[in-house]
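# Structure assessment
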Amino acid sequence: MSLIAGIHLSNKRLIIAEFIILIFSAIISCVDKGNPNKLSSSDLLEVKLVLSYPSVTQENKFFIARDSQYMIYYQDFTLYRFPYKKTFTSNTANPNGKVESKITNMENRFQCFLYKKGGKFGYAFDSLNITDAKRYKIDSFLMDRLSIDENMISNSSDSLISKNPDKSEETYLRKKKINQWDADTIKLVYSHQFKNIDFSFSKIIDSVKGKKLIKVTLISKSNSKSEDYYFRQNREVIMELTSIPIVNPSIYSEIFKKYNKLDKN
């Protein structure tokens, strides 16, 4: 065999070896992408639902309350996180012998709910401790925590008064109010972002528009004739979906791994 022929043969073997390594790496990459043990930020989508609404104290002080809820999507899994404050107390006796309860600490925690697409049941647990999970029907659990009256967002009496050229924003005037909680003006913002997530302010609107309704603003004028201080104020309720970066995807690995074990029980 000539030297040139030997070099050609060696090159062919090298090319074949590199091709095999490339195929093997691609297979490993695909396996890792579906492996909850090796989650990366690109594998997950976290969506934040921001709620802003007016409220009144017992002293008739008007203020804007804010709340947020979180949804994490991974393949067929959906994980909801509902923030709450955990209060720790201790009981002590005062000099008169009367037992008094005193707050010693408060922690920010999350109630979580995990389910898989197409399933009927999901699992609720405190913070990220899935070992204490309790089984609930998906629809009933989410209805208690994410119930949105679609009639407040849209009804047959609404009249379109403005929209931008690409139809991503529309403003409606409500001609016929059902009660004093109804808004006078409704502003809606649509986007192709989040189109495939299951959460929806209105599945009917999403279907008709072919986009996801991502922001709702309900504007109500003050009613000077109302006996209720709350309704005598100008009010604005805002509901909005936004994406947020996932800093530490590894904290969700154990949750997704344990789901299949829970679902077999």
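Overview of the structure. (Residues numbered from 1 in each chain as written. Predicted model: local features only at pLDDT ≥ 70, side-chain atom pairs only at ≥ 80, totals over all residues. Heavy atoms only, no water.)

## What to know about unusual backbone geometry
Look at Asn-60: it is not a glycine, yet its phi comes out positive at around 60 degrees. For Asn-60, the location among the structural elements is in the loop between strand S1 (45-56) and strand S2 (62-74). For Asn-60, a relative accessible area of 41% puts it in the partly exposed group. Phi at Lys-167 takes a positive value of approximately 60 degrees, unusual for a residue other than glycine. Structurally, the position occupied by Lys-167 is in the loop between strand S7 (158-163) and strand S8 (169-174). (Helix = DSSP H or I, 4+ residues; strand = E, 2+ residues; numbered from the N terminus. Buried < 20%, exposed > 50% of the residue type's maximum accessible area, 1.4 Å probe, protein only.)

## Some details on helix H2 (residues 138-145)
Those residues of H2 that fall on the buried side of the exposure criterion are Ile-138, Phe-141 and Leu-142. Burial along H2 is one-sided: seen end-on, the buried residues are contained in an arc of 90 degrees. Exposed residues pointing more than 90 degrees away from the buried face of H2 are listed as Asp-139, Met-143 and Asp-144. (Arc of directions from axis to C-beta.)

## What about the packing of aromatic side chains?
All chains considered together, the criterion is met by 14 aromatic pairs. A ring pair is formed by Tyr-80 and Phe-82, whose centres lie 5.9 Å apart and whose planes are at 5 degrees; its orientation type is stacked. Of the residues examined, Phe-82 reaches a relative accessible area of 7% and is grouped as buried. Plain terms: the ring middles of Trp-181 and Tyr-230 are 5.5 Å apart, the flat faces sit at 40 degrees to each other, and that makes the pair tilted. Of this pair, Trp-181 sits in the loop between S8 and strand S9 (185-191) while Tyr-230 sits in the loop between strand S10 (212-220) and strand S11 (235-244); the two residues are 49 residues apart in sequence, bridging distant segments of the chain. Given the relative accessible area of 14%, Tyr-230 is considered buried. (Phe/Tyr/Trp six-rings, centres within 6.5 Å; stacked < 30°, edge-to-face > 60°.)

## Points about the pattern of salt bridges
This structure, assessed with the given rule, holds 6 salt bridges. Linking Asp-158 and Arg-174 is a salt bridge whose minimum nitrogen-to-oxygen distance equals 2.8 Å. Taken together, the positions of Asp-158 in strand S7 and Arg-174 in strand S8 put the pair 16 residues apart, joining distant regions of the chain. Taking relative accessible area as the criterion, Asp-158 reaches 16% and is therefore assigned buried. Overall, Arg-174 belongs to the buried group, its relative accessible area being 4%. In this structure, the salt-bridge partner of Glu-170 is Lys-209, at a minimum N-O distance of 2.9 Å. Taken together, the residues Glu-170 in strand S8 and Lys-209 in helix H4 (residues 203-209) connect sequence positions 39 residues apart. One continuous salt-bridge network, built from bridges that share partners, spans Asp-158, Arg-174 and Asp-182. (Salt bridge = Lys/Arg side-chain N within 4 Å of Asp/Glu carboxyl O.)

## With respect to the nonpolar core
The biggest cluster of nonpolar side chains holds 32 residues, and the ones touching the most others in it are Tyr-80, Phe-113, Leu-142, Leu-188, Phe-199, Phe-201 and Leu-241. Aside from chain neighbours lying at most four places away, what touches Phe-113 is Thr-78, Leu-79, Tyr-80, Phe-82, Gly-122, Tyr-123, Ala-124, Tyr-136, Lys-137, Ile-138, Phe-141 and Leu-142. Core analysis: the second largest hydrophobic core is formed by 15 residues, Leu-79, Ile-246, Tyr-252 and Tyr-259 among them. (Core = buried A, V, L, I, M, F, W, Y, C linked by side-chain atoms within 4.5 Å. Contact = heavy atoms within 4.5 Å.)

## Notes on the pairing of S10
Among the 9 residues of S10, 7 are classified as buried, and the element is accordingly described as predominantly covered. For S10 and S11, the ladder comprises 6 bridges, and the chain directions are antiparallel. Bridging from a neighbouring strand, Val-216 pairs with Met-239 of S11. (Pairing = 2+ DSSP bridges.)

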